[in-house]
Amino acid sequence: MKACPTEAIRVRNGLAEIMEERCVDCGECYKSCPVSAIIVEQDDFNEIFNFKVRVALVPSVLIGQFPSRITTEQIFGSLITLGFTHIFEIDSVVDIVQEGYNKMTGQKDEPTPRISSFCPAILRLIQVRFPSLVENLIRVKPPSDIAALSYKSALIDKGLSEDEIGLFYITPCAAKIASVKSPVGEKTSTVHGVINMEYLYNKMLHIILNGEASEEQHAAGDLTSMGILWSLTRGESRHQAGRSLAIDGISNVTHFLENLEDTENSQIDFLELRACDESCAGGALISGNRFLTVERLNGRARIIQNKKRQDKAVFQDKEYWLDPIPPRPMMVLDNDREEALRKLNKIEDLLKILPGIDCAACGSPTCRALAGDIVRGDAGPEWCVFLQELYLRNGKISLDEADRINSGIWGSEREYRSQIK
Amino acid sequence: MELSYDIGGGDFVNAGRASSAVKGILKQLNISAVLIKRVVIALYEAEVNVAAHASAGKISVSITKDVIRINIRDKGPGIADIELAMQEGYSTASKEVREMGFGAGMGLPNIRKNSDTFNISSTPGEGTELEIINRLSN
């Protein structure tokens, strides 16, 4: 509950509920929940068999998860064994993404710093918590989308028909799954499905270790060291002109954006912001150690560091721009300003009587969040364990009522209820 | 809604505390991002001014549904020539303050630019008082 950067989680009836309009799909709750109460929605793997041509769109971090002694050929081979017919390395299109960034620079009236829209959780965080910064987002589609679009058109050029091609994105990212299910800045998602990397990793490893991987498989896509490192921290920022910063970890990003909002001229040209610590190597659906993943990818990048792209990167103006990204402010207490001000005053009054220790026993993550829930009518002051005792002592509520409130938060099925008599 | 904050002279670490808090409040009141940004920039610059020049300061903020009034009163050297101080690029900031990236002489002009009504008065040797008023209607 406390891991959430937008305070979107409440505990009700013993379950964690997520307030959808606040959720930015960052996956922090998934990573930190001690009882695995958070589930990441995903498509059924067998959906790939609805298509004749089954494309696995593979990000570099997938390769980085496997021990170094396992070769990329074995890794790709295991995907073929699982049922894919084609494999495309997503990060081979980063030159095209960079081409898009170059088109944006030098344009007058473009607000600075320009903020990368690579990370879908950051995109949503800005919509929800920093709506004043949506104009700063670079509206270039992320590599996974451009990879899907460009590989699909390459396959169509080879004579395949569009409806027999199924594009499946293997992702380390909870927010990516959400962004395919409900896209931001696009009308529909380009890929047909997303596959949870955590789910696939075990299957792949099993196939490889049993020697069942289809042999000598290569992936399409012209991968360079720039591509391999793109999804890691500083992967984008190191290629941008001017002053650029790379920040990873959603709390670091939030802190930085709070400060950025207060200044008119930050003197920074480009911001690479990633929700996860160590960027995509630290994704919610990564099963390996993120530092080892980074180290392996650095090794893979060194091997091909002098490799240059064969063809010229072409940015397709028609397809590769994102639509305008609307702000989605969640902080507003009421659309009527007078009413909002009244609620705000009530919150401040409540904060004077709430204990301020943010114990979360009320089912809200902080005392301030509880105060907000009370003015919205979603909770009562007697939900606070400290105030509840006073209410009981003064006869304002009965013991039964207190019991009903507490089980409404923590559930009536909890074991302690039968143990303590 | 009434709020007040104290700022210490030389305290650059906490300069920005009031503007952050006010920003948090305005975001809850359905006020456009552009308007919020004006208020926050003006207040932040004023906070930095107190930290850079004065020995202590007090900020009072009053918010109604139509208007936000901010009053910043400091104890410090005051400003001898206000007209000169309002010019862009003019600064009396010390070398140390400039080395921290402040004192470019844009503070007061920036505050005026981001206020609907801006009043300044100063008594040399005693201190300076600013009043920043912004309408909140969209």
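The structure displayed is predicted, hence computed values, not measured ones.

Reading the values: rules and limits
- Residues numbered from 1 in each chain as written.
- Chains lettered and ligands numbered in written order.
- Predicted model: local features only at pLDDT ≥ 70, side-chain atom pairs only at ≥ 80, totals over all residues.
- Heavy atoms only, no water.
- Pairing = 2+ DSSP bridges.
- Helix = DSSP H or I, 4+ residues; strand = E, 2+ residues; numbered from the N terminus.
- Domains from an automatic or database assignment.
- Expected span 1.5 Å × (residues − 1).
- Buried < 20%, exposed > 50% of the residue type's maximum accessible area, 1.4 Å probe, protein only.
- Contact = heavy atoms within 4.5 Å.
- Core = buried A, V, L, I, M, F, W, Y, C linked by side-chain atoms within 4.5 Å.
- Disulfide = S-S within 2.5 Å.
- 1 Å grid on protein atoms, 1.4 Å probe; cavity = no way out; pocket = protein on both sides within 12 Å on 5 of 7 lines; lining within 4 Å.
- Points joined across faces, edges and corners; volume = space filled by probe spheres on them.
- Nonpolar A, V, L, I, M, F, W, Y, C, P; charged D, E, K, R; others polar.
- Axes fitted to C-alpha atoms, helices over the stretch in contact; angles between N-to-C directions.
- Salt bridge = Lys/Arg side-chain N within 4 Å of Asp/Glu carboxyl O.
- Buried area = accessible area lost by both parts, 1.4 Å probe.
- Polar contact = N/O pair within 3.5 Å; in protein donor to acceptor, adjacent residues only side chain to side chain.

All names here are of chain A. One open sheet holds the three strands; their spatial order is β5-β9-β8, and the pairing between them is parallel. In the strand order of this sheet, the two ends are held by β5 (114-115) and β8 (244-248), each with one partner. Pairing geometry for β5 and strand β9 (residues 270-274), over two bridges, is parallel. Within β9, the position partnered with I115 by the bridge is L271.

Segmentation of chain A into domains returns domain 1 (28-303) and domain 2 (333-419). Computed over C-alpha atoms only, the centres of domain 1 of chain A and domain 2 of chain A are separated by 40 Å.

Right, let's get into helix α12 (residues 337-353) of chain A. Along its 17 residues, α12 of chain A runs 25 Å from first to last C-alpha, staying within 8% of the 24 Å computed at 1.5 Å per residue. Within the span of α12 of chain A, buried status applies to R337, A340, L341, K343, L344, I347 and L350 of chain A. Those residues of α12 of chain A that are buried are in contact with α13 (367-375) of chain A together with α1 (17-27) and β2 (56-63) of chain B.

By size, the foremost hydrophobic cluster in this structure holds 103 residues, and its most contacted members are V55, L57, V58, F66, L79 and I170 of chain A. The biggest single contributor to this core is helix α8 (residues 197-209) of chain A, with seven residues. In contact with V55 of chain A, not counting residues within four places along its chain, are F84, H86, F88, Y151, L155, I165, G166, L167 and F168 of chain A. The next biggest cluster of nonpolar side chains, apart from the first, holds 53 residues, and it includes L350, L354 and C362 of chain A together with L35 of chain B.

For the rest of this paragraph, the subject is the state of the cysteines. All names here are of chain A. Following the criterion strictly, the structure yields zero disulfides over all chains and no others. Here C26 is not disulfide-linked; the sulfur of C4 is the nearest cysteine sulfur, at 6.2 Å. The class of C26 is buried, set by a relative accessible area of 10%. Lacking any disulfide linkage, C276 is separated from the closest cysteine sulfur, that of C173, by 6.4 Å. Taking relative accessible area as the criterion, C276 reaches 11% and is therefore assigned buried.

Right, let's get into empty space enclosed by the protein. All names here are of chain A. One pass over the structure, following the stated rule, counts three cavities of 30 Å³ or more. What the largest cavity holds in volume is close to 270 Å³. Going through the elements one at a time, α5 (120-129), α6 (143-157), β6 (165-171) and α7 (174-181) are the ones with two or more residues in the lining of the largest cavity. Top element by residues in the lining of the largest cavity is α7. It accounts for three residues. Its residues assigned to classes, the lining of the largest cavity comprises 18 nonpolar, five polar and three charged. If you list the elements that add at least two residues to the lining of the second largest cavity, you get α5, α6 and α7.

Let us look at the sheet that holds strand β1 (residues 2-8) of chain B. Residues and elements named next belong to chain B. Taken in spatial order, the five strands make up an open sheet running β1-β2-β3-β5-β4, and their pairing is antiparallel. Looking at the sheet topology across the chains shown, the edges are occupied by β1 and β4 (117-123). Put simply, the sheet's adjacent strands are angled 10 degrees from each other on average, direction ignored. The sheet contact formed by β1 and β2 spans seven bridges and is antiparallel. Within the sheet, the bridge partner assigned to S4 lies in β2 and is S60.

Moving on, we come to the pairing of strand β2 (residues 15-18) of chain A. Strand residues, when the strand is regular, have side chains that alternate between the two faces of the sheet. All names here are of chain A. Across four bridges, the pairing between strand β1 (residues 9-12) and β2 is antiparallel. Its bridge partner being in β2, V11 is matched across the sheet by A16. In textbook terms, the turn of a hairpin is the stretch between consecutive antiparallel strands, and for β1 and β2 this stretch comprises two residues, one of which, N13, has a positive phi near 50 degrees.

Moving on, we come to the pattern of salt bridges. It is possible for side chains bearing opposite charge to pair when their charged atoms get close. Residues and elements named next belong to chain A. Within the structure shown, the criterion is met by 26 salt bridges over all chains. Between R124 and D25 there is a salt bridge; the shortest N-O distance is 3.0 Å. Of this pair, R124 sits in helix α5 while D25 sits in the loop between β2 and α1 (28-32), and the two are 99 residues apart along the sequence. Taken as a pair, R124 and D25 share a single burial class, namely buried. Put simply, K52 and E164 hold a salt bridge, and the shortest N to O gap is 3.5 Å. Pair noted here: K52 is in the loop between α1 and β3 (53-58) and E164 is in the loop between α6 and β6, with a separation of 112 residues, a long-range link. Put simply, R10, R12, D373, R376 and D378 are held in one network by salt bridges that share partners.

We now examine the side chain of S19 of chain B. Here S19 of chain B shows up in helix α1. Residue classification places S19 of chain B among the buried residues on the basis of a relative accessible area of 0%. Sequence-distant contacts of S19 of chain B, defined by excluding residues within four places in its chain, comprise D262 of chain A together with V40, L43, Y44 and E47 of chain B.

The interface is formed by 25 residues belonging to chain B together with 21 residues belonging to chain A. Surface buried jointly by chain B and chain A totals about 2100 Å² across both partners, of which 54% is contributed by carbon and sulfur atoms. The largest share of the area that chain B buries against chain A comes from M1, K27 and Q28 of chain B, three residues that together contribute 32% of it. Run the count over chain B and chain A and you get three salt bridges. Here E258 of chain A makes a salt bridge to K23 of chain B, at a shortest N to O gap of 2.9 Å.

Turning our eyes to something else, we now look at the environment of S266 of chain A. All names here are of chain A. By the secondary structure assignment, S266 is in the loop between α10 (250-262) and β9. A relative accessible area of 19% places S266 in the buried class. For S266 and T112, which are 154 residues apart along the polypeptide, the C-alpha to C-alpha distance reads 7.8 Å.

The subject of this paragraph is the side chain of R129 of chain A. Secondary-structure assignment places R129 of chain A in helix α5. There is a polar contact of 3.1 Å between the side chain of R129 of chain A and the side chain of E258 of chain A. Each residue touching R129 of chain A, except ones within four places of it in the same chain, is listed here: P5, T6, T254, E258, M330 and M331 of chain A together with K27 of chain B.

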